[in-house]
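In case you want the letters, here they are:
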Amino acid sequence: MLQNERSRSPECACIQYRDKCIADKDKEAPERDDRTLKELIDIWYEARGIELADNERTLKNLIRFCDALGNPIAKEVTTRDWHRYKKQKREEGISDKTLNNILGYQCRL
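Undergrad: What is the right way to look at the overall build of the protein in this model?
TA: When helices and strands are tallied, the protein shows six helices and zero strands. Listing each helix as α and each strand as β along the protein from the N terminus yields α-α-α-α-α-α. Within the protein, the proportion of its 109 residues that are buried is 24%.

Undergrad: Just checking my understanding: could you explain the packing of aromatic side chains for this structure?
TA: Between two aromatic rings, the relevant description is the distance of the centres plus the angle of the planes. A full pass over the atoms with the stated rule returns three aromatic pairs. Considering the side-chain rings of F65 and Y85, the 4.9 Å spacing of their centres and the 80° angle between planes classify their relative orientation as edge-to-face. With a gap of 20 residues between them, F65 in helix α4 (residues 55–69) and Y85 in helix α5 (residues 79–91) connect regions that are remote in the sequence. Residue F65 shares its accessibility class with Y85, and that shared class is buried. Centre to centre, the rings of W82 and Y85 are 5.8 Å apart; their planes meet at 40°, and the pair counts as tilted. Remark: Y85 and W82 occur in helix α5; sequence separation between them is three residues, near one turn of the helix. By relative accessible area, W82 is classed as buried at 6%. Put simply, the rings of F65, W82 and Y85 touch in pairs and so form one group of aromatic residues.

Parameters and conventions
Sequence order as written defines residue numbering, which begins from 1 separately in each chain. The model is predicted, so local features are restricted to residues of pLDDT at least 70 and side-chain atom pairs to those at 80 or more, both for listing and for counting; the totals for chains, interfaces and linings are taken over all residues. For side-chain calculations, the full set of non-hydrogen atoms in the structure is used, while hydrogens and water are omitted. In this text, helices come from DSSP runs of H or I with a minimum length of four residues, and strands from runs of E with a minimum of two, each type numbered from the N-terminal end. Only protein chains enter the calculation, and the probe is 1.4 Å; a residue is then buried if its accessible area is under 20% of its type maximum, exposed if over 50%, and partly exposed in between. Two aromatic rings, drawn from Phe, Tyr or Trp (for Trp, its six-membered ring), form a pair once their centres lie within 6.5 Å of each other, and the interplanar angle then sorts them: stacked below 30 degrees, edge-to-face above 60, tilted otherwise.

Structure, rendered in structure tokens:
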């Protein structure tokens, strides 16, 4: 197949269109997301958390974490925040397994 025949094929046209869309998307300014951590927890809970067998306990743990941080803008939460929280909870007698379970749910928000 010749080069210009290939460029006219439907597969090639799809790939070119996809590449153009990706390039155009990269040029767009990033959308600001100023939702609080509590807002994301609520969205996650309604979409996925409610399906968990221990959904109420999981929700309470996430809200405790959120409250301990003062309900920050979600995108501003760092690993340092998590480590401080984990250290505090360890000192209160919470097991590492429980803390890691909470972290697993936070990563899904």
